Amino acid sequence: MTVADVIGQFLSGLARAGVLFLIAAGLSFIFGVVKIVNFAHGALYMVGAFFTYSFAVTLGVPFWASVPLAAVCVAVIGLAMEVLLFRRVYGRPVADQLLLTFAMVLIIHDLVRLAYGSNLKSVPRPPLLAGAVFLGDIVFPSYYIFIILTGLAVLLGFWAFLHKTRLGKTIRAAVGNREMVACLGKPLPWLFTAAFVAGVFVDGLAGAIGAPLGGIRLGMDFDIIILAFATVIVGGFGSLPGTALAAFIIGEAYAFGIWFMPAIALSLPFIIMAAVLIVRPWGLLGRSGGGEL
Amino acid sequence: MIRSGWCTALSIAALLSMSTAMPVMAQQPPIKIGVAGDLSGAAASIGQAWADALKLGADEINASGGILGRKVALSIRDTEFKVDVGVREAKDLVLREKVNFLLGGISSGVSLATSTSVSKEYKIIQISAVGNTHRQTVELFQRYFFQVVPNTFMEGRAAAMVAAKQPWKTYYTIGYDYEFGRMQAGAFVDTIKKLRPDVKIVGQHWPPVGETDYTPYITSMLAAKPDAVYSNLFEAGLGGFVKQALPYGFFQKTKFVSFADVSSMMAVPEMPEGVLGYTRGEFYCENTPEMKKFTESFHQRYKYYPVSYAVMGYDSLYVLKRAIEKAGTIETEAVVKALEGLTYEGLRGKFTIRPLDHQADVPEYVGWTVKDPKYPFVILKDIVRVPGAQIMFTEDEVRQMRAAFTKK
């Protein structure tokens, strides 16, 4: 074991953290604003990956155009879902929300099966990012650098949106005090729609960027969504810096867990989650009363 | 009135022509075969290929006079990669559809459950062509279950026998964290250590079946600098692994021993050349006229190549046909007797069903991956056909394992 090996393993963990953060960010943001636990988040992530396959492989659109196109298409689906269905269950008991969002998972799965079949699909990495960066003995695939940078951009983008734009500031105000914002004549339902669609857009982006990582298949969402939920819980529901921190901790714990304690590596994220729930039930950077973004 | 008169005349004419066209077969009811496999879920593409081959085989059999002069009718059910659904569907096939035989299943779990709670319970013959846990022929053996696919152990042993001939001394293993992955990796490690006492296993990884990110596994394996890595990942997992391993120069730094069924290879276009691959019997593994004919009819009808699961499914249907013909009846006990010790010349060459455990001594194929412009996936070259007899448990081993199991 050399220093280069340790750094290599650390970078593996960072890459994993980047993917986790991209998926968990939208989930956390949507919960932070509209207070709904969206089980269909993973399914939409999968749809983002399949759309990227359609654009990049079936239609031959360049990868760099396929990614935003896929994310926008997923956002449009999110818009329809929110306007037609989800906004009817805001403020309803959690069980109602779970039933509706879980029903969406089943519906989306069957639609994907109809459209794409059950066979595995593969999207090649763009030539620019197919290789790796070498630093002495350390090898780091360039695609992961792209993922980590995208993760940072999403984190900064959300922050700038919430703190620097009028819409973002109004959304933050609405999270703090819905009644007051409504009294000021702001169209509350549409603020929530905007926030939901923004969250789903990032979700679709995660699916699109995740597409060339491995295989694309029906059910690829189930495996990752559980980890994404753990990430959001550890970081604190609604806190994006918390989600980023949690993704980093879980990614690294997993990477080094696999190396040194392979027998328990799989359960490490959930051990961390349990520990956080006992010590700080509202998450590492969440707030005990919920509230502010 | 005129129209209905025409209709009657037409249908009478149709009936007449049909009855003259089918002199013998129309008189006896068809032999009903229940086909229970995972046509959806994680193994959907495997199950579909298997069922497609059965449909092709049944149509061929019916076109050439059926079995004992009777037509074959398939009742196909989707078991969804779920044990409870598998048992429910198989039961329904037996009790309501009154099928005479069962073919299935795909996932080892479903196959095993159908064997113990339907095939055994209702004394109905089940032949598995894909689901291959050895438990259904060893510890949980029951006399109505037959297996014409190499079991998990046979696959691991075959891969190790060929790998042992390479100069590689240190191995890392990576296998799925469930019965198939653990058993096969175990068989590989045991065999290679026996054949090559100088070989050292420097580490073992057990990722979960749904793993999508293999990066930390890849970097930690490379850090151990093994001569070779043995893997039993397949389909989506293998696709992700290969994609993620390539930028690290993984395949230059270490040799790779991998499951290489066409079904997975179609999903892994990036698979490099020079990997030591093993498979249960692809269309390109045998150069016989039978295999050529089967490949052509299958490809023509379904527009894709018959993967090994189709090859084995096709064999299983014809094994059943041969046994019924040998028994001269479809009566279960007589067909069981006919199957025991039956030698059959199938797509994968000649194999025999061993009476002790009903495992056919089917081969495993091991070779080196190579790109072929004819196909959109890598195939194997310099293939070693490891005969089933060399990789099966010996009869003594089967008895010992059964005794140990009963004691527990």
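Bear in mind that the values here come from a model prediction, so they are computed numbers and not experimental data. Residue numbers here run from 1 along each chain, matching the order of that chain's written sequence. Lettering of chains starts at A and numbering of ligands starts at 1, both following the order in which they are written. With the structure being a predicted model, the display of local features is reserved for residues of pLDDT at least 70 and the display and counting of side-chain atom pairs for 80 or more, all residues being used for whole-chain, interface and lining totals.

Moving on: the domain arrangement of chain B. How big an interface is tends to be stated in terms of accessible area lost as the parts join. Residues and elements named next belong to chain B. In terms of domains, chain B is made up of domain 1 (28-150 + 286-362) and domain 2 (153-279 + 365-393). Here the C-alpha centre of domain 2 lies 28 Å away from the C-alpha centre of domain 1. In this description, any two residues whose backbone-derived C-beta atoms lie within 7 Å of each other are considered to be in contact. The partner domain 2 presents 14 residues to the 17 residues of domain 1 that form the contact. Strands here are runs of E lasting at least two residues and helices are runs of H or I lasting at least four, both read from the DSSP assignment and numbered beginning at the N terminus. Every element with two or more residues in the side of domain 1 that touches domain 2 is listed here: α2 (44-63) and α12 (308-327). Residue contributions to the side of domain 1 that touches domain 2 peak at three residues, all from α2. In this classification, the charged set is Asp, Glu, Lys and Arg, the nonpolar set is Ala, Val, Leu, Ile, Met, Phe, Trp, Tyr, Cys and Pro, and all remaining amino acids, among them Gly, are polar. Residues that form the side of domain 1 that touches domain 2 fall into these classes: 10 nonpolar, six polar and one charged. Residue ranges assigned to each domain were obtained from an automatic or database domain assignment.

Residues and elements named next belong to chain B. Here exposure depends only on C-beta density: within 10 Å of a residue's C-beta, 20 or more other C-beta atoms make it buried, 12 or fewer make it exposed, and intermediate numbers make it partly exposed, the C-beta atoms being placed from the backbone. Judged by how many residues are buried, strand β13 (residues 364-370) sits mostly within the fold: five of seven residues are covered. Here strand β10 (residues 276-279) runs beside β13; their pairing, made up of four bridges, is antiparallel. If you follow L276 over to β13, its bridge partner there is W368. Criterion used throughout: strands pair if DSSP finds at least two bridges between them. Judged from the six bridges that link them, β13 and strand β14 (residues 379-386) form a sheet pairing that is antiparallel. Bridge pairing in β14 links T369 to L380.

All names here are of chain B. Spatial strand order, β2-β1-β3-β4-β5: five strands in an open sheet with parallel pairing. With partners counted over all chains shown, the strands left at the sheet margins are β2 (72-78) and β5 (145-147), one partner each. Averaged over all neighbouring strand pairs, the angle between strand axes comes to 20°, with direction disregarded. With three bridges connecting them, strand β4 (residues 126-128) and β5 associate as parallel partners. Looking across to β5, one finds that I127 is bridged to F146. Interaxial angles span 0 to 180 degrees and are taken between N-to-C directions of axes, which are lines fitted to C-alpha atoms, for helices over the stretch in contact. Strands in contact with helix α3 (residues 83-95) are β1 (31-37), β2 and β3 (101-103); relative to β1, the strand with the most contacts, it is inclined by about 175°. Relative to β4, helix α4 (residues 108-119) is tilted by about 170°, and along the sheet it contacts β1, β3, β4 and β5.

In this section: the environment of A:F102. All names here are of chain A. If you trace the backbone, F102 turns up in helix α4 (residues 94-116). Given 14 C-beta atoms within a 10 Å radius, F102 is considered partly exposed. In sequence terms F102 and L129 are 27 residues apart; their C-alpha atoms lie 36 Å from each other.

For the rest of this paragraph, the subject is the packing of helix α1 (residues 3-34) of chain A against helix α5 (residues 142-164) of chain A. Residues and elements named next belong to chain A. With their axes 8 Å apart at the nearest point, α1 and α5 run at an angle of 30° to one another. Relative to α5, the element α1 is oriented roughly parallel. The handedness of the crossing between α1 and α5 is left-handed. Side by side, α1 and α5 meet where L14, A15, G18, V19, F21, L22, A25 and F29 of the first sit next to Y144, I147, I148, T150, G151, V154 and F158 of the second. Residue composition of the contact of α1 with α5, by class: 12 nonpolar, three polar and no charged. In this scheme, roughly parallel covers angles under 35 degrees and roughly antiparallel covers those over 145, while 65 to 115 is roughly perpendicular and the rest are oblique. Crossing handedness follows the turn of the near helix against the far one: under a right angle anticlockwise gives a left-handed crossing, and clockwise gives a right-handed one.

Linking buried Ala, Val, Leu, Ile, Met, Phe, Trp, Tyr and Cys residues through C-beta atoms within 7 Å yields a set, and such a set is a nonpolar core. With 227 residues, the main nonpolar core has A:L20, A:I23, A:V74, A:A228 and B:W50 as its most contacted residues. When residues of this core are assigned to their parent elements, the largest contribution, 16 residues, is made by α1(A). When residues of this core are assigned to domains, at least three fall in each of domain 1 (28-150 + 286-362) and domain 2 (153-279 + 365-393) of chain B.

Attention shifts here to unusual backbone geometry. All names here are of chain B. Residue G105 follows G104 across a cis peptide bond; omega there is -5°. Within the secondary structure, G105 sits in the loop between β3 and α4. We note that E235 has phi near 45°; this positive angle belongs to a residue other than glycine. Within the fold, E235 resides in helix α8 (residues 235-245). Positive phi, close to 60°, is recorded for H358, a residue that is not glycine. The topology assignment puts H358 in the loop between β12 (349-352) and β13. Looking at H358, the number of C-beta atoms within 10 Å reads 23, which means it is buried.

On to the pairing of strand β6 (residues 170-174) of chain B. Residues and elements named next belong to chain B. Here β6 lies mainly inside the structure; four of its five residues are buried. As judged from the five bridges shared by β6 and strand β7 (residues 200-205), these two strands associate in the parallel manner. Residue T173 lies in a different strand from β7, and its bridge partner there is Q204. Handedness of a crossover: with both strands directed away from the viewer, a clockwise path from the first strand across the helix to the second marks it as right-handed. Read from β6 through helix α6 (residues 179-195) to β7, the crossover connection turns out right-handed. Relative to strand β8 (residues 228-231), β6 runs parallel, the two being bridged by four bridges. Residue pairing across strands places Y171 opposite A228, the latter belonging to β8.

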